[in-house]
Amino acid sequence: MTVRHTSANITNSLNEVLESWEIEHNQIVACVTDNGANVKKAVCDLFGQANHISCFADTLNLLVEDAINGTGNFKEVLEKVRTIVQEILEDSLKVLKPFYLITEEMSVEKVITLSKAIPIRNILTNKLKDIILDTQKFYVESLTSYPHAIVEIEKLLLSTSPPMIKSIADDSQDEDDVWTPHDRLACTQHQADPESQSINLSTKLKLYLDANLTNRKVNPLQIWSKIKSTFWKISQIAPMYLCIPATPVPSERLFSKAGSTLNEKRNRLKPETFNEILFLNSLTRRELRTILNKE
């Protein structure tokens, strides 16, 4: 954008992108952005607040910053007590490490991430239960109510034709893994959830909710492909939500690559060549070999 990044200008730019790709507004399932007020307003005005998702990783980072800034004179203490700073840092790292691991996991590409948001939010809350967290900042707040989420899924099933894949990890556990508490809980004997039993649900949805858990590390899309004959209606809407990323980090990586590609020394690249370079940079070696072998 060559103009000011106001919400109105961002809205106009988004409209131009939609028009160029011939995408209707009602085809947008969700739009993931950072927590910038201008971007959030533009997306909410254009697609509605229900279709806006704040970046999970950015929200986590803001939580850490607010916690540090709100802990009295934390920074001043670090400066004054350099003799014991190592001990303080070790204690701080115990608190900050889960945030780092979660941010790293939620910022990956080509892997489903949004379905991890609610479990990770609960894991983080339990892991840091002795620390006051402003959980109101999590965009998943309205979705953490299990009955509420199930009712919304039921409405989708009745209206047309997304529950996330329930999962467990394999037997190999890393004690340093943020998922360890979740996996241990998931590995306990699975029973029908009493909260789902109290809601009037369709038979198919009840069967899905009471089904055995699957391996968390298996691609959910592969699982849905196998069970679609049993849960056909649910499988039709699941991919629509599983494709939503939890963070806009992949697009930000693309902007960084674009900035390093188009610089003062390479400022005469044609737009077509520039786009092709970015596309090739986005491919893995395996994907690139596949393309070259076809040619």
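Above this text sits the structure in question.
Values in this document were obtained by computation on a predicted structure and should not be read as measured data.

Visitor: Is there a simple way to think about the overall build of the protein in this case?
Guide: Assigned secondary structure in the protein consists of 15 helices and four strands. In the protein, which comprises 295 residues, the proportion classed as buried is 28%. When the accessible surface of the protein is summed, it comes to about 19500 Å², and 54% of that surface belongs to carbon and sulfur atoms.

Visitor: Even after reading the chapter, I still don't get unusual backbone geometry, so can you show me in this structure?
Guide: With the exception of glycine, the majority of residues adopt a negative phi angle, and the majority of peptide bonds are in the trans configuration. The phi dihedral of Glu22 falls on the positive side, at around 55°, and the residue is not glycine. Relative to the helices and strands, Glu22 is located in the loop between α1 (7-20) and β1 (31-33). Taking relative accessible area as the criterion, Glu22 reaches 68% and is therefore assigned exposed.

Visitor: Is there a simple way to explain α1 in this structure?
Guide: For an α-helix, the turn length of 3.6 residues means that residues three or four places apart are oriented alike. Across its 14 residues, α1 extends 20 Å between first and last C-alpha, which sits within 8% of the 20 Å expected from 1.5 Å per residue. All of the buried residues along α1 are Ser7, Ile10, Thr11 and Leu18. Down the axis of α1, the buried side of the element spans an arc of 100°, and every buried residue falls inside it. Counted as exposed and oriented over 90 degrees from the buried face of α1: Glu16, Glu19 and Ser20. Residues of α1 that are buried make contact with α2 (37-47). Immediately downstream of α1, the backbone of Glu22 shows phi near 55°, a positive value.

Visitor: Before we go on, may I ask you to explain the pattern of salt bridges in this structure?
Guide: Pairs can form between side chains of opposite charge once their charged atoms are near each other. What the rule picks out here adds up to two salt bridges. One salt bridge in this structure joins Asp45 and Lys41, with 2.8 Å as the shortest N-O distance. With Asp45 and Lys41 both in helix α2, this residue pair falls four residues apart, about one helical turn. Exposure remark for Lys41: the relative accessible area of 45% places this residue in the partly exposed category. Where Glu105 meets Lys116, a salt bridge forms, and the shortest distance between an N and an O atom there is 3.1 Å. Taken together, the positions of Glu105 in helix α5 (residues 85-106) and Lys116 in the loop between α5 and α6 (117-127) put the pair 11 residues apart, joining distant regions of the chain. Given a relative accessible area of 17%, Lys116 falls into the buried group.

Visitor: Quick question: what am I supposed to make of the layout of surface pockets here?
Guide: Size it by volume and the second largest pocket reaches roughly 1400 Å³. What lines the second largest pocket is a set of 32 residues, among which Leu14, Cys31, Val32, Ser251 and Phe255 lie closest to the centre. Counting residues per element, the ones that place at least two in the lining of the second largest pocket are α1, β1, α2 and α13 (249-261). Top element by residues in the lining of the second largest pocket is α1. It accounts for six residues. Looking at the lining of the second largest pocket, its residues break down into 23 nonpolar, six polar and three charged.

Visitor: Just checking my understanding: could you explain the packing of helix α11 (residues 220-227) against helix α12 (residues 232-242) for this structure?
Guide: How two helices pack is summed up by the angle between their axes together with the distance between the axes. Direction vectors running N to C along α11 and α12 enclose 170°, while the axes themselves pass 10 Å from each other. The angle between α11 and α12 falls in the class roughly antiparallel. Seen from α11, the contacting residues are Pro220, Leu221 and Trp224; seen from α12, they are Ile234, Ser235, Ala238 and Leu242. Per-class residue counts for the contact of α11 with α12 are six nonpolar, one polar and no charged.

Visitor: What exactly am I supposed to notice about the packing of α1 against α2 here?
Guide: Packing of α1 against α2 brings their axes to within 8 Å, and their N-to-C directions diverge by 50°. The orientation of α1 with respect to α2, classified from their angle, is oblique. For α1 against α2, the interelement crossing comes out right-handed. Contact residues: Ser7, Ile10, Thr11, Leu14, Asn15 and Leu18 in α1; Asn38, Val39, Lys41, Ala42, Val43, Leu46 and Phe47 in α2. Of the residues that constitute the contact of α1 with α2, the class distribution is eight nonpolar, four polar and one charged.

Visitor: Would you explain the nonpolar core in this entry?
Guide: Within soluble globular proteins, side chains that are nonpolar generally end up buried alongside one another. Formed by 19 residues in total, the largest nonpolar core has its most connected members in Phe56, Leu60, Phe99, Ile102, Met106, Ile120 and Leu124. Contributions of two or more residues to this core are made by α3 (56-69), α5 and α6. Setting aside residues no more than four positions away along its own chain, Met106 makes contact with Phe56, Thr113, Lys116, Ala117, Ile120, Ala246 and Thr247. Among the nonpolar cores identified, the runner-up in size contains nine residues, and Ile112, Leu209, Ile234 and Leu242 belong to it.

The rules we used
Residues numbered from 1 in each chain as written. Predicted model: local features only at pLDDT ≥ 70, side-chain atom pairs only at ≥ 80, totals over all residues. Heavy atoms only, no water. Helix = DSSP H or I, 4+ residues; strand = E, 2+ residues; numbered from the N terminus. Buried < 20%, exposed > 50% of the residue type's maximum accessible area, 1.4 Å probe, protein only. Areas by Shrake-Rupley, 256 points an atom, 1.4 Å probe, with all protein chains shown as cover. Expected span 1.5 Å × (residues − 1). Arc of directions from axis to C-beta. Contact = heavy atoms within 4.5 Å. Salt bridge = Lys/Arg side-chain N within 4 Å of Asp/Glu carboxyl O. 1 Å grid on protein atoms, 1.4 Å probe; cavity = no way out; pocket = protein on both sides within 12 Å on 5 of 7 lines; lining within 4 Å. Points joined across faces, edges and corners; volume = space filled by probe spheres on them. Nonpolar A, V, L, I, M, F, W, Y, C, P; charged D, E, K, R; others polar. Axes fitted to C-alpha atoms, helices over the stretch in contact; angles between N-to-C directions. Parallel < 35°, antiparallel > 145°, perpendicular 65-115°, else oblique. Left-handed = near helix turned anticlockwise from the far one by under 90°. Core = buried A, V, L, I, M, F, W, Y, C linked by side-chain atoms within 4.5 Å.

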